[in-house]
Amino acid sequence: MKAVVQRVKQTKLSVDNEVISEIPFGLTVFLGVKTGDSEKEAEYLAKKIANLRIFEDENGKMNLSVKEVGGEVLLVSQFTLYGDASHGNRPSFTLAERPERANALYEYAVKELSAQGVTVKKGVFGADMKIEQYNDGPVTILLEI
């Protein structure tokens, strides 16, 4: 499982020109599920994301988590994180989990992240989503297990 975590001031996710999810500040997280991933990986990443200290404290040091600053998380499923373009110019997605299993693990990750005390908004699994975000920093962290 792989997550791209971005600290944001605001993010808005739309499908067919309709706003589906929006957060005022916090983290936008793109989540990729690999063949063979399980609930164990989702639990680990949910805990890591909720406690990742990438927000500034009163001294300007990155020392606070999204929970501590009262931010929200927009969690977006993104199978293209497992695109392999090492052979040619068109990526292969053979490492990405099948959609039905990937969606189940994505929903499990939403549940686990919520259980960590974080407000979680979702994308629409498998949809053509348009995402507008105002990156903060920018701060981008890649997590993989």
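Thresholds applied
Residue positions are given per chain, counted from 1 along the sequence in the order it is written. For this predicted model, a pLDDT threshold of at least 70 governs which residues receive local features, and a threshold of 80 or more governs which side-chain atom pairs are given and counted, while totals over whole chains, interfaces and linings are taken from all residues. Note: side-chain values were computed over all heavy atoms of the structure, leaving out hydrogens and water. Numbering of helices and strands starts at the N terminus; helices are DSSP runs of H or I of at least 4 residues and strands are runs of E of at least 2. Taken over C-alpha atoms, the radius of gyration is set against a globule rule of 2.2 Å times the number of residues to the power 0.38. The rule is simple: take the accessible area with a 1.4 Å probe, protein chains only, and divide by the maximum for that residue type; under 20% is buried, over 50% is exposed, in between is partly exposed. Any helix carries an expected span of 1.5 Å times its number of residues minus one. When checking whether two residues touch, look at their non-hydrogen atoms; a contact exists if any pair is within 4.5 Å. Grid points spaced at 1 Å over the protein atoms alone were grouped into cavities, where a 1.4 Å probe fits but cannot get out, and pockets, open sets with protein on both sides within 12 Å along at least five of seven lines, with lining residues defined by an atom within 4 Å of a point. Grid points are joined across faces, edges and corners, and a volume is the space filled by probe spheres set on the points. Residues are grouped as follows: Ala, Val, Leu, Ile, Met, Phe, Trp, Tyr, Cys and Pro are nonpolar; Asp, Glu, Lys and Arg are charged; all remaining types, including Gly, are polar. Stacked, tilted and edge-to-face are the three classes assigned to paired rings of Phe, Tyr and Trp, where Trp is represented by its six-membered ring and a pair needs centres within 6.5 Å; plane angles under 30 degrees give stacked, over 60 edge-to-face, the rest tilted.

### Considering the overall build of the chain
Point 1. When helices and strands are counted, the chain shows three helices and eight strands.
Point 2. Starting at the N terminus and ending at the C terminus, the chain contains elements arranged as β-β-β-α-β-β-α-β-α-β-β.
Point 3. By the compact-globule yardstick of 15 Å for 145 residues, the chain fits well, its C-alpha radius of gyration being 15 Å.
Point 4. Each of the three principal axes of the chain carries a C-alpha extent, and together these read 45 × 35 × 30 Å.
Point 5. Looking at the chain as a whole, 42% of its 145 residues are labelled buried.

### As for helix H3 (residues 99-115)
Point 1. The end-to-end C-alpha distance of H3 is 24 Å, a good match for the 24 Å that 17 residues give at a rise of 1.5 Å each.
Point 2. On its buried face, H3 sits against strand E3 (26-32), helix H1 (39-51), strand E6 (72-77) and strand E7 (119-122).
Point 3. Two residues or fewer after H3 comes Gly-117, characterised by a positive phi angle close to 90°.

### As for the layout of surface pockets
Point 1. Each pocket or cavity is described by its volume, and for the largest pocket that value is around 310 Å³.
Point 2. At the level of elements, E3, E6, H3 and strand E8 (129-144) are the ones that each hand at least two residues to the lining of the largest pocket.
Point 3. No other element matches the three residues that E3 contributes to the lining of the largest pocket.
Point 4. Among the residues forming the lining of the largest pocket, the class breakdown is 12 nonpolar, five polar and one charged.

### Some points on unusual backbone geometry
Point 1. Cis geometry is adopted by the peptide bond preceding Pro-138, which originates at Gly-137 and carries an omega value of -10°.
Point 2. Positionally, Pro-138 belongs in strand E8.
Point 3. Here the phi dihedral of Asp-16 falls at roughly 55°; this positive angle occurs in a residue that is not glycine.
Point 4. At Asn-17, a residue that is not glycine, the phi angle is positive and equals roughly 65°.

### Remarks on the packing of aromatic side chains
Point 1. Applying the stated criterion across every chain yields a total of two aromatic pairs.
Point 2. A ring pair is formed by Phe-79 and Phe-93, whose centres lie 5.0 Å apart and whose planes are at 65°; its orientation type is edge-to-face. Of the two residues, Phe-79 sits in the loop between E6 and H3 while Phe-93 sits in the loop between E6 and H3, which places them 14 residues apart along the sequence.
Point 3. Judged by its relative accessible area of 47%, Phe-79 is partly exposed.
Point 4. When the ring of Tyr-106 is compared with that of Phe-125, the centres are 6.4 Å apart and the planes differ by 40°; the resulting orientation is tilted.

### What about empty space enclosed by the protein?
Point 1. For the structure shown, the criterion picks out one cavity of 30 Å³ or more.
Point 2. The volume enclosed by the largest cavity comes to roughly 40 Å³.
Point 3. Lining the largest cavity are Leu-31, Ala-42, Leu-45, Ala-46, Ile-49, Leu-75, Ala-109 and Leu-113.
Point 4. Elements supplying a minimum of two residues to the lining of the largest cavity: H1 and H3.
Point 5. Here the lining of the largest cavity gets four residues from one element, more than from any other, and that element is H1.
Point 6. The residue makeup of the lining of the largest cavity, split by class, is eight nonpolar, no polar and no charged.

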